[in-house]
Amino acid sequence: MCASVTSKYQQLMDRIPTGGMRCSINGKAIAAFATFCTVLVYLAVGAAIFQAIEETHERDQRSEYEKELIELLGNVDEEFQKELEAPCHMVEVLQASPNMTNSWTFAPTVIFCLTVVTTIGYGYMYPVTDEGRGFCIFFALIGIPLFMACLAVYAQHTANFIRWVCKKLRKLFGGKDEVNEKVQQVVTLLFCLIVIITFSGYLSYKEGWNYFDSIYFTFISFTTIGFGDLYPQSEDTLFYFLFVFFIVLGLISLGTVIEAQTSNFSKFLNFISNTCECMCGKCVTVEKEGMIEDGDVLRNGNGNVEEARA
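As the structure is a prediction and not an experimental result, all values here were calculated from the model.

A.B. asks: Mind showing me how you'd approach the nonpolar core here?
C.D. replies: Counting residues in hydrophobic clusters, the biggest one holds 45 residues, and the most contacted among them are F50, F112, Y122, F139, F217, F243 and I247. Of all the elements in the fold, those that place two or more residues in this core are α2 (25-74), α4 (106-117), α5 (130-172), α6 (181-207), α7 (211-222) and α8 (237-279). Top contributing element to this core by residue count: α8, with 10 residues. With residues near it in sequence (within four places) discarded, F139 still touches Y42, L43, G46, F50, C113, V116 and V117.

Rendered as structure tokens:
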């Protein structure tokens, strides 16, 4: 999803006339912060609406099953009643809440909203009412482009920060004050690996997962694949905060890496395509530099001379 957010943001910025844009660093920081706050407010409002719809339905459904449980146990002998009570309670909980490990309280619902706008969609939690599903469609239609715009802003700031780090490293080792594309890609990759390793280590410590499972979950999340076969069960406030922080940071860092690799693969495929055309005799070599005009002498891959047509 986020592989091309940096380039798209740069294209939008290039369309703005430089003479009419005199935004200082403080102004850019304020704009980025305002965008981030907008996304947070949108997630909070969405979570409140989802909670009002789904939690009420969940509560009503649970009350209905409790009544059915009481009626069922009332028709059973007292000796057999205790043996049935525990499994019936288990069935009641599963039926009243069949699709989630966490109920529709506010913090888990915010995480659910985040998985919607990021298109991760773990599937551990989803609306079951018609109202909730309808609102989910509306929420996603606005939330996905809003989050992508926010991601583009912070991806650009992250790219600028990495470019600044590369300049400092080149100065430190006596190089020229120029940004090398390959060096920048390596630094970006290292930054992404640090984020993945750190978040995986935290999940392994917090959830008791082995480290490979933690890395697997982190990569599946950062790439927005979101299978949902693994999902953390922690419910403390600090965990929710760090979860949101690492998800957003991972989308930015891994998205930048994927964008760079996509560009490299495109160049490689173009090179193969041009090589194949030359081998097939379709390669054209310009004998003199400059623009091709009528009458220019060209030579194809077979060595035959052709006359250019502009």
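Read on for the rest.
A.B. asks: Help me understand the layout of surface pockets in this model?
C.D. replies: By rolling a water-sized probe across the atoms, one finds the places where empty space is left. In this structure, the largest pocket occupies an estimated 540 Å³ of space. Forming the walls of the largest pocket are 21 residues, and the residues nearest its centre are F36, L40, V244, F245 and V248. Residue composition of the lining of the largest pocket, grouped by class: 19 nonpolar, two polar and no charged.

A.B. asks: Any chance you could explain empty space enclosed by the protein here in plain terms?
C.D. replies: Applying the stated criterion across every chain, the model contains two cavities of 30 Å³ or more. In this structure, the largest cavity occupies an estimated 60 Å³ of space. Around the largest cavity, the lining residues are F36, V39, L40, L43, L114, F147, C150, V244 and V248. For the lining of the largest cavity, the secondary-structure elements that each account for two or more residues are α2, α5 and α8. If one sorts the elements of the lining of the largest cavity by residue count, α2 sits on top with four residues.

A.B. asks: Would you take a moment to explain the pattern of salt bridges for this structure?
C.D. replies: Once the charged atoms of two side chains with opposite charge are near each other, the side chains can pair. Taken as a whole and assessed by the stated rule, the structure comprises two salt bridges. The salt bridge involving R59 is made with E55; its shortest N-O contact spans 4.0 Å. A residue pair is termed a helical-turn pair when its members lie 3 or 4 positions apart in one helix, as R59 and E55 do in helix α2 at four residues. Overall, the relative accessible area of 45% leaves R59 in the partly exposed class.

A.B. asks: Quick question: what am I supposed to make of the environment of F222 here?
C.D. replies: Its location among the elements puts F222 in helix α7. Overall, F222 belongs to the buried group, its relative accessible area being 1%. As a C-alpha pair, F222 and S253 span 31 residues in sequence and 8.8 Å in three-dimensional space. Dropping the residues within four chain positions of it, F222 is found in contact with V195, I196, F199, F246, I247, G250, L251 and L254.

Definitions and limits used
- Residues numbered from 1 in each chain as written.
- Predicted model: local features only at pLDDT ≥ 70, side-chain atom pairs only at ≥ 80, totals over all residues.
- Heavy atoms only, no water.
- Core = buried A, V, L, I, M, F, W, Y, C linked by side-chain atoms within 4.5 Å.
- Buried < 20%, exposed > 50% of the residue type's maximum accessible area, 1.4 Å probe, protein only.
- Helix = DSSP H or I, 4+ residues; strand = E, 2+ residues; numbered from the N terminus.
- Contact = heavy atoms within 4.5 Å.
- 1 Å grid on protein atoms, 1.4 Å probe; cavity = no way out; pocket = protein on both sides within 12 Å on 5 of 7 lines; lining within 4 Å.
- Points joined across faces, edges and corners; volume = space filled by probe spheres on them.
- Nonpolar A, V, L, I, M, F, W, Y, C, P; charged D, E, K, R; others polar.
- Salt bridge = Lys/Arg side-chain N within 4 Å of Asp/Glu carboxyl O.

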